[in-house]
Amino acid sequence: MNTIDSEPRLTPLKSDRTVTSSAAADGKGVGRISPRPGATTQNARASFECTAFILSAFDGLIQSDRPLLSSLSPFYPLKFAGLLGTIAFIAVTRLRAFHPYPRFGAANTVTSIRAALVAVVGAFIGETPTDALASSAVVIATIATMLDGVDGWLARRTAMSSAFGARFDMEIDALLIQILSILAWLYGKAGPWVLLSGLLRYAFWAAGLGVVWIRQPLFASTRRKTVCVVQIAGLLVALSPVVTPPWSNAVAAAALAALGYSFLVDTWWLWRRRQTVESL
């Protein structure tokens, strides 16, 4: 797999860091440029050191008498470490091929912080459902979402936009949506159908592995960015303890309907483009 466009791109998730050309001095494509030797190893070490630091901080808090933290199971730190470690591992494997700079960059650092926050929320899966835990998930996920615009701004400000950064940002959004949909289901805020909020993106990724026209790049769209925000906001509202069924079902269903509509529009556009190309 030599280019990032070889993977499915049909997704309503927004990304303010998408680039169409490389800023490297040699003028070649982003996918053919590697950072200085050792950068991947250094970034991996930094990611895992950050994970260890956050885990130690959580371990100290869990031993306190605060009800929320004391209610977490002994497996919570392990789940957090496993999820964040997996994100870091996948990111490092993509870094060398699609990040044409010698530094990791401020934008990617902010995205890494977002990844850590998403891992904190993701590790709530499997814990005993409580209103305090749901409220914490909503607050932490909201912070991660608010930081979403910061990494894109930093990438442009520092002239370090890259295919890696755009994909890293997009995949963190996708993972957050999947985690929130799972929590909404586990907390009884919506039926199992809510899982489609996250699974649709991965279903198209899988479909694109065998269908060439699905994985073609899409045109820039404000609609996709708006749907991403609506999807996350809808799941956050549904998960909030103050919103109960049937209202939580209605909010989650409305957000999923918007997402489904966006997917249908993009699928239709890609199919029509395929028909046009074949008719030439």
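Residues numbered from 1 in each chain as written. Predicted model: local features only at pLDDT ≥ 70, side-chain atom pairs only at ≥ 80, totals over all residues. Heavy atoms only, no water.

Trainee: What am I meant to see in the overall build of the chain here?
Mentor: Of the regular secondary structure elements, the chain holds 10 helices and 0 strands. Ordering the α and β elements of the chain from the N terminus gives α-α-α-α-α-α-α-α-α-α. Within the span of the chain, comprising 280 residues, buried residues form 46% of the whole. For the chain, the share of sequence-separated contacts (at least 6 apart) that also reach a separation of at least 24 residues comes to 84%. (Helix = DSSP H or I, 4+ residues; strand = E, 2+ residues; numbered from the N terminus. Buried < 20%, exposed > 50% of the residue type's maximum accessible area, 1.4 Å probe, protein only. Contact = heavy atoms within 4.5 Å.)

Trainee: When you look at the packing of helix H7 (residues 163-186) against helix H8 (residues 196-208) in this model, what are you seeing that I'm missing?
Mentor: For any two helices packed against each other, the geometry comes down to the angle between their axes and how far apart the axes lie. At a minimum axis separation of 6 Å, H7 and H8 run at an interaxial angle of 135°. Taken as axis vectors, H7 and H8 run oblique relative to one another. Of the residues in H8, those touching H7 at Arg167, Met170, Glu171, Ala174, Leu175, Ile177, Gln178 and Ser181 are Ser197, Gly198, Leu199, Arg201, Tyr202 and Trp205. When its residues are assigned to classes, the contact of H7 with H8 shows 7 nonpolar, 4 polar and 3 charged. (Axes fitted to C-alpha atoms, helices over the stretch in contact; angles between N-to-C directions. Parallel < 35°, antiparallel > 145°, perpendicular 65-115°, else oblique. Nonpolar A, V, L, I, M, F, W, Y, C, P; charged D, E, K, R; others polar.)

Trainee: Any chance you could explain the packing of aromatic side chains here in plain terms?
Mentor: Under the criterion given, the structure shown has 5 aromatic pairs. Consider the rings of Phe164 and Phe168, whose centres lie 5.4 Å apart with planes at 35°: the pair is tilted. Taken together, the residues Phe164 and Phe168, both in helix H7 and 4 residues apart, mark about one turn of the helix. The two residues Phe164 and Phe168 agree in class, both being buried. By way of ring pairs, the aromatic residues Phe104, Phe164 and Phe168 are connected into one cluster. (Phe/Tyr/Trp six-rings, centres within 6.5 Å; stacked < 30°, edge-to-face > 60°.)

Trainee: What is the right way to look at the side chain of Ser181 in this model?
Mentor: Along the polypeptide, Ser181 turns up in helix H7. Ser181 gets classed as buried once you look at its relative accessible area, which sits at 0%. Among the polar contacts listed, one links the side chain of Ser181 to the backbone oxygen of Gln178, at a separation of 2.7 Å. Leave out the neighbours within four places in its chain, and Ser181 touches Val194, Leu195, Ser197, Gly198 and Leu235. (Polar contact = N/O pair within 3.5 Å; in protein donor to acceptor, adjacent residues only side chain to side chain.)

Trainee: Can you help me understand the nonpolar core in this one?
Mentor: Formed by 44 residues in total, the largest nonpolar core has its most connected members in Phe124, Leu180 and Leu183. Put simply, the parts of the chain that give this core at least two residues each are helix H3 (76-98), helix H4 (106-122), helix H5 (131-146), H7 and helix H9 (222-239). With sequence-adjacent residues up to four places away left out, Leu183 is seen in contact with Val121, Phe124, Ile125, Ala137 and Leu239. In terms of nonpolar packing, the next biggest core, distinct from the first, is built from 9 residues, Trp213, Ile214, Leu259 and Phe263 among them. (Core = buried A, V, L, I, M, F, W, Y, C linked by side-chain atoms within 4.5 Å.)

Trainee: How should the environment of Ala106 be read in this particular structure?
Mentor: Mapped onto the elements of the fold, Ala106 is located in helix H4. Residues Ala106 and Thr158, spaced 52 residues apart in sequence, show a C-alpha to C-alpha distance of 8.0 Å.

Trainee: Any chance you could explain the packing of H5 against helix H6 (residues 148-157) here in plain terms?
Mentor: It is the contact of H5 with H6, at a shortest axis distance of 3 Å, that shows an interaxial angle of 20°. The angle between the axes of H5 and H6 places the two elements in the roughly parallel class. Judged by residue contacts, Ala144, Thr145 and Met146 of H5 engage Asp148, Gly149 and Val150 from H6. A class-by-class count of the residues in the contact of H5 with H6 yields 3 nonpolar, 2 polar and 1 charged.

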